[in-house]
Amino acid sequence: MRQYFIAGNWKMHKTVPEAQALAQELVKSLKDGPNKYMIAPSFTALDAVSKIVKGTNILLGAQNMSTDEQGAHTGEVSVLQLKDLGVQVVILGHSERRHIYKEDDAMINKKVKLALAHGLEVILCIGELLEEREAGKAEAVCEEQTRKGLEGISAEELKKVTIAYEPVWAIGTGKVATPEDAEAIHAYVRKVIADMYGKEAAENIIIQYGGSMKAENCAGLLAKPDIDGGLIGGAALKADTFTPIALCK
Ligand code: PGA
């Protein structure tokens, strides 16, 4: 049985004191929660939030990292620096990284390999644009991003990978995918994983949904057999909007 994995992506929000306050509230509200949890503050708040979530049931996530371990990469943050701060999970291939910052599948794959080589868990984000969905290409886009993102990753390493299906047209727009549309892609991606790694790996991999998930729609989405959690943006910015999703059973 797969456990739900509910993750909060705080994106480019919150000062250090604001991040600390939210982390403290979540430590309390999720203390006895039934699911797996992660919060990903901005790089600037990782150190402060790390001290708050250490030893709790909330994992510390980062929202991105460099393709390289160290070196002349102005403005980038390395896996070694993340680990130094206690980061346990890294979100890679988020659509904002793909579309605003032009990260391609090869670059994302390099990051996935590096993160796993250093023992971090990875949330690999995939998802189609509205025009790709309208052209009937949603499955093909998600398959390609999955296959290319995981190129060279062993079955053993895959155990530390979560996939987040985030249709780009649903992110931050309030337009949530219907549970049926989301489930169709989740089931398809699970089939792709079965083809790449076998049935057992496909049954075990966690596939989160992301894109305007909130308290009002999470139960319908999570009731679907292949939707195993959520990667939450907007609703993760306040304890009273994130907690009801996080406590969903
Ligand atoms: P949203 O963001 O919940 O605000 O749509 C989700 C995400 O981008 O991870």
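Refer to the structure above for everything that follows.
Figured I'd write up the structure that's included with this text.

About the cut-offs
Residues numbered from 1 in each chain as written. Predicted model: local features only at pLDDT ≥ 70, side-chain atom pairs only at ≥ 80, totals over all residues. Heavy atoms only, no water. Buried < 20%, exposed > 50% of the residue type's maximum accessible area, 1.4 Å probe, protein only. Helix = DSSP H or I, 4+ residues; strand = E, 2+ residues; numbered from the N terminus. Pairing = 2+ DSSP bridges. Right-handed = clockwise from strand over helix to strand, strands pointing away. Near = heavy atom within 4 Å. Polar contact = N/O pair within 3.5 Å; in protein donor to acceptor, adjacent residues only side chain to side chain. Areas by Shrake-Rupley, 256 points an atom, 1.4 Å probe, with all protein chains shown as cover. Nonpolar A, V, L, I, M, F, W, Y, C, P; charged D, E, K, R; others polar. Expected span 1.5 Å × (residues − 1). Salt bridge = Lys/Arg side-chain N within 4 Å of Asp/Glu carboxyl O.

This brings us to the pairing of strand 7 (residues 206-210). One face of the sheet, then the other: side chains in a regular strand alternate in exactly this way. Among the five residues that make up strand 7, five are buried, leaving the element largely enclosed by the rest of the structure. Neither face of strand 7 is open: one carries Ile206, Gln208 and Gly210, the other Ile207 and Tyr209, and all of them are buried. As paired elements, strand 6 (residues 161-165) and strand 7 share four bridges and run parallel to each other. The residue bridging Thr162 from the neighbouring strand is Ile206, located in strand 7. One ladder, built from two bridges, connects strand 7 with strand 8 (residues 229-232); its direction is parallel. In the strand pairing of strand 8, Gly210 is matched with Leu231. The β-α-β motif built from strand 7, the intervening helix 11 (residues 215-222) and the parallel element strand 8 has right-handed crossover chirality.

Let us look at the site of the ligand. Close to the ligand lie 13 residues, the nearest being Lys11, His94, Glu166, Gly172 and Ser212. Here an oxygen atom of the ligand sits 2.7 Å away from a polar atom, N or O, in the side chain of His94. One nitrogen or oxygen atom from the side chain of Glu166 is found 2.7 Å from an oxygen atom belonging to the ligand. Relative to its unbound accessible area of 280 Å², the ligand is 96% covered by the protein chains. Broken down by class, the residue content of the shell around the ligand amounts to four nonpolar, seven polar and two charged.

On to helix 5 (residues 105-117), then. With 13 residues, helix 5 ought to run about 18 Å at 1.5 Å a step, and its terminal C-alpha atoms sit 18 Å apart, in line with that. For helix 5, the set of buried residues is Asp105, Ile108, Asn109, Lys111, Val112, Leu114, Ala115 and Leu116.

Further remarks concern the pattern of salt bridges. One pass over the structure, following the stated rule, counts 18 salt bridges. Note that Lys111 is salt-bridged to Glu103, the shortest N-O span being 2.9 Å. Overall, Lys111 belongs to the buried group, its relative accessible area being 1%. Given the relative accessible area of 7%, Glu103 is considered buried. Close ionic contact of Arg147 with Glu143 constitutes a salt bridge, the shortest N to O distance being 2.8 Å. Here Glu143 and Arg147 lie together in helix 7 (residues 138-149), a separation of four residues that amounts to about one turn. Linked through salt bridges whose partners overlap, the residues forming this network are Arg2, Arg190, Asp226 and Asp228.

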